[in-house]
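# Structural overview
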Amino acid sequence: MPDLTVPPTPPTPPVPLAALLAREDLGLRQIAGPSDPDIAIHWAHTSEMPDPYPYLLGGELLLTAGVHIPDAAGSGTYFDDYVARIVEAGGVALGFGVAPVHDTVPRALVAACDHYDLPLLEVPPPTPFSRVARAVWQLMAQARLAELRRVTEAQQSLAAAASRPDPLPSVLRQLAQRVGGRAVLFGPDGTEIAGAGRGAGAVGATGAGRGAGAVGATGAAAGGRTGSTGTGTEAGRGAEASGAEVREALAELVRVVRPPAAPASSPTSPTASPTSPVSTPASTDSTPPPRPAPTSATDTVSGIHLAAYALGTGQGFVLGVAAPQRAPGDHTIASVAAVLLSLLTGAHQSRTGADRSSALVRLLLGAPPEDVASLLGGDRWLVVHALPDAGPAPDPVATSALGAALGSALIDLAPDVVRVLVPGDREPAPQSGWTLGVSAPVAPEDWSAADKQAARALARARATRTPLVVHGASGRAGLADLLPHDAAEEHARTLLAPLAAHPALVETLRTWLSLHGSWDRTAVALAVHRNTVRQRIARCAALLESDLDDPDVRMELWFGLRQL
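Here's what I pulled together on the structure shown here. It should be emphasised that the depicted structure is a prediction, and the values quoted were computed from it without experimental measurement.

Attention shifts here to the overall build of the protein chain. Counting secondary structure elements, the protein chain contains 18 helices and 19 strands. At a minimum sequence separation of 6, the contacts of the protein chain that also span at least 24 residues come to 64%. For the protein chain, the accessible surface area stands at approximately 29700 Å², while carbon and sulfur atoms represent 56% of it.

What follows is the structure in structure tokens.
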């Protein structure tokens, strides 16, 4: 029997049988079976087996020249059994090649195809089966290209809509236009936040008065699907019934994908008040953990194709879509809209985005960092510098994913490095495909110093080929902790005064000492040639008038560099 583990359809769009028959270069002619325009072919397969059932996956146009047909087939049940097995295996059409075995299509085969509603095509002698198969794949490629073009155009228009002053209704309008139906955004309580589009039974939201997440339909369009033949009043009643059915079906999809509410927010669940009964531990332990809600669900009611998508904010927002047909690419287009709406509703649900904008404006207007840090949350912060391990500069999508993994949306995508401001209570972990340098936790007024720490940590991570280096990760008290900071800083400036006018020399000396005098690793960390490193270190030794091979000199210089 067919392998049920194989997907029933390929990733390419199916080909309408009518499109294949319209190819004049093939000369195909349908001589039996239904002429349904919805019949679609997923692939073409040639077989001369008397029982092709084990070799079919479903959706095939089966091509045969009748080599397997015995001489006495017309007087028995051979053709009935043959066609029945094709239909049972999921074949959608049969192509019979005339000549060289048979001069005409057997009448018994024509009768069997009519009996089992299997379209039968006559393939003329000049048309080889390979040409038919190639035509199927050509039509599939054309359909796939059209689908990709449609999805790309929809993605661009949805992204443009998300950047408009009214992003929520703009995205919904674009989505409704692209699917030819209606799109509705439901809030956590099931009421409509925004909706757009007509058609698809004119599905629209009715609000909380018709149930959580309910979606309505106008009578005219829905009535067109009821097929009622009575008076105008009876037709209106039929439309109302059809619309109610669609509304309830979409409402159910919305409930299916919405995450379950917490017990405290449920009006029917017991509360933890002193006067309310509390369930026993036995009943709690015997209750199985709730299954996670699916992220999307689909249904078809009264000829209307319905879909619901849970938005990724975790706040209970749901996107509902209703369309009169489900074209290839619709799911991808709706998924893109769901992602954009997730971002928009995330900012709408909390003040995080507004607070970040307010903090940025205050900084630009001259407010010190410590005065705006409260808008961002937290009083201790980490600065993370990151570079991709391979390939070109990181794109915004990869950078956003990195920020999400680190737990922060405060990201600076600079041409040479990615910088992320992370709350100090986080512990950044190594990220696949990235090299990270992390500063020590600092107060907002020390953000600038932490930025330098992260840059140095990243340089060391690259030089040592370590995925993550944290500044001062040892946690042990150092020599600098034994001296007043002002005295240590004054000594460092005096010691390194000959290099003050040469920042490149200072950074080269710092990196070279941190890597134990390795020319190669220092060159990697600074992205320069090793000879450049040698020249710079020699220049440092000359300006400082010191022997940099002396461990005591290196120690004192390292101490001084740590204070700057």
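Here Glu370 lies in helix H11 (residues 369–376). Placed 77 residues apart in sequence, Glu370 and Trp447 show a C-alpha to C-alpha distance of 9.5 Å.

Right, let's talk about the packing of helix H15 (residues 503–514) against helix H16 (residues 519–526) for a bit. Closest axis-to-axis distance for the H15/H16 pair is 9 Å, and the angle between their directions is 130°. Compared by their axis directions, H15 and H16 come out oblique. The interaxial crossing formed by H15 with H16 has right-handed handedness. The residues of H16 that touch H15, namely those facing Glu507, Thr508, Thr511 and Trp512, are Trp519, Thr522, Ala525 and Leu526.

So, about the packing of H15 against helix H18 (residues 551–563). Between H15 and H18, the shortest axis-to-axis distance is 10 Å and the interhelical angle comes to 120°. Comparing their axes, H18 and H15 come out oblique. As H15 packs across H18, the resulting crossing turns out to be left-handed. In this structure, H15 contributes Val506, Leu509, Arg510, Trp512, Leu513 and Ser514 to the contact, and H18 contributes Arg554, Leu557, Trp558 and Leu561. Along the lines of polarity and charge, the residues of the contact of H15 with H18 split into seven nonpolar, one polar and two charged.

This part is about helix H17 (residues 530–544). A rise of 1.5 Å per residue sets the reference length of H17, with its 15 residues, at 21 Å; its end C-alpha atoms lie 21 Å apart and thus fit the reference within 8%. Those residues of H17 that sit buried are Val533, Ile537, Cys540 and Leu544. With its buried residues spanning 55° around the axis, H17 presents them on a single face. Glu545 sits one or two residues past H17 and shows a positive phi near 55°.

With mixed pairing, five strands are arranged side by side in an open sheet as E16-E17-E15-E18-E19. The open sheet is flanked by strand E16 (411–413) and strand E19 (468–470), the only strands paired with a single partner. Across the sheet, the mean angle from the axis of one strand to that of its neighbour is 15°, orientation sign disregarded. With three bridges connecting them, strand E18 (residues 434–438) and E19 associate as parallel partners. Bridge assignment links Val438 to a residue of E19, and that residue is Val470. Docked against the sheet, helix H13 (residues 447–464) engages strand E15 (381–388), strand E17 (418–423), E18 and E19, running at close to 35° with respect to E15.

Take the pairing of strand E13 (residues 304–310) next. Taking burial as the measure, the seven residues of E13 include five buried ones, the bulk of the element. Bridge count for strand E12 (residues 296–301) against E13 is six bridges, and the pairing is antiparallel. Directly across from Val301, in E13, lies its bridge partner Ile304. Hairpin remark: E12 followed by E13, antiparallel, with two residues in the connecting loop; positive phi at Ser302, about 55°. Bridge count between E13 and strand E14 (residues 318–323): six bridges; the pairing is antiparallel. Within E14, the residue paired with Leu306 across the bridge is Ala322.

On to the sheet that holds strand E2 (residues 29–32), then. Spatially, the five strands line up as an open sheet ordered E2-E7-E6-E5-E4, and their pairing is mixed. Only two strands of the sheet have a single neighbouring strand rather than two, namely E2 and strand E4 (43–46). Each adjacent strand pair in this sheet contributes to an overall mean axis angle of 30°, direction not counted. Direction of pairing for E4 relative to strand E5 (residues 60–64): parallel, over a ladder of four bridges. The partner of Thr46 across the bridge, within E5, is Leu63. Where helix H4 (residues 129–162) meets the sheet, its contacts fall on E4, E5, strand E6 (93–97) and strand E7 (120–123), and the angle it forms with E4 comes to roughly 165°.

Two elements, strand E8 (residues 182–186) and strand E9 (residues 192–196), share four bridges in a ladder whose sense is antiparallel. The residue of E9 that forms the bridge with Phe186 is Glu192. Here E8 hands over to E9 after five residues, with Gly190 in that stretch at a positive phi of 90°.

Scanning the entire structure with this criterion turns up four aromatic pairs. Aromatic pair Tyr78 and Phe79: ring centres 5.7 Å apart, planes at 85°, arrangement edge-to-face. Accessibility assignment for this pair places Tyr78 and Phe79 in one class, buried. Between Trp381 and Trp447 the ring centres are 6.0 Å apart and the planes differ by 90°, which places this aromatic pair in the edge-to-face class. Linking Trp381 in strand E15 with Trp447 in helix H13, this pair joins segments that are 66 residues apart in sequence. The class of Trp447 is buried, set by a relative accessible area of 13%. In textbook terms, an aromatic cluster arises when at least three aromatic residues are bridged by ring pairs, as seen for Tyr78, Phe79 and Tyr82. We note Arg85 situated over the ring of Tyr53; from NZ or CZ to the ring centre the distance is 4.2 Å.

The rules we used
- Residues numbered from 1 in each chain as written.
- Predicted model: local features only at pLDDT ≥ 70, side-chain atom pairs only at ≥ 80, totals over all residues.
- Heavy atoms only, no water.
- Helix = DSSP H or I, 4+ residues; strand = E, 2+ residues; numbered from the N terminus.
- Contact = heavy atoms within 4.5 Å.
- Areas by Shrake-Rupley, 256 points an atom, 1.4 Å probe, with all protein chains shown as cover.
- Axes fitted to C-alpha atoms, helices over the stretch in contact; angles between N-to-C directions.
- Parallel < 35°, antiparallel > 145°, perpendicular 65-115°, else oblique.
- Left-handed = near helix turned anticlockwise from the far one by under 90°.
- Nonpolar A, V, L, I, M, F, W, Y, C, P; charged D, E, K, R; others polar.
- Expected span 1.5 Å × (residues − 1).
- Buried < 20%, exposed > 50% of the residue type's maximum accessible area, 1.4 Å probe, protein only.
- Arc of directions from axis to C-beta.
- Pairing = 2+ DSSP bridges.
- Phe/Tyr/Trp six-rings, centres within 6.5 Å; stacked < 30°, edge-to-face > 60°.
- Lys NZ or Arg CZ within 6 Å of the ring centre and 35° of its normal.

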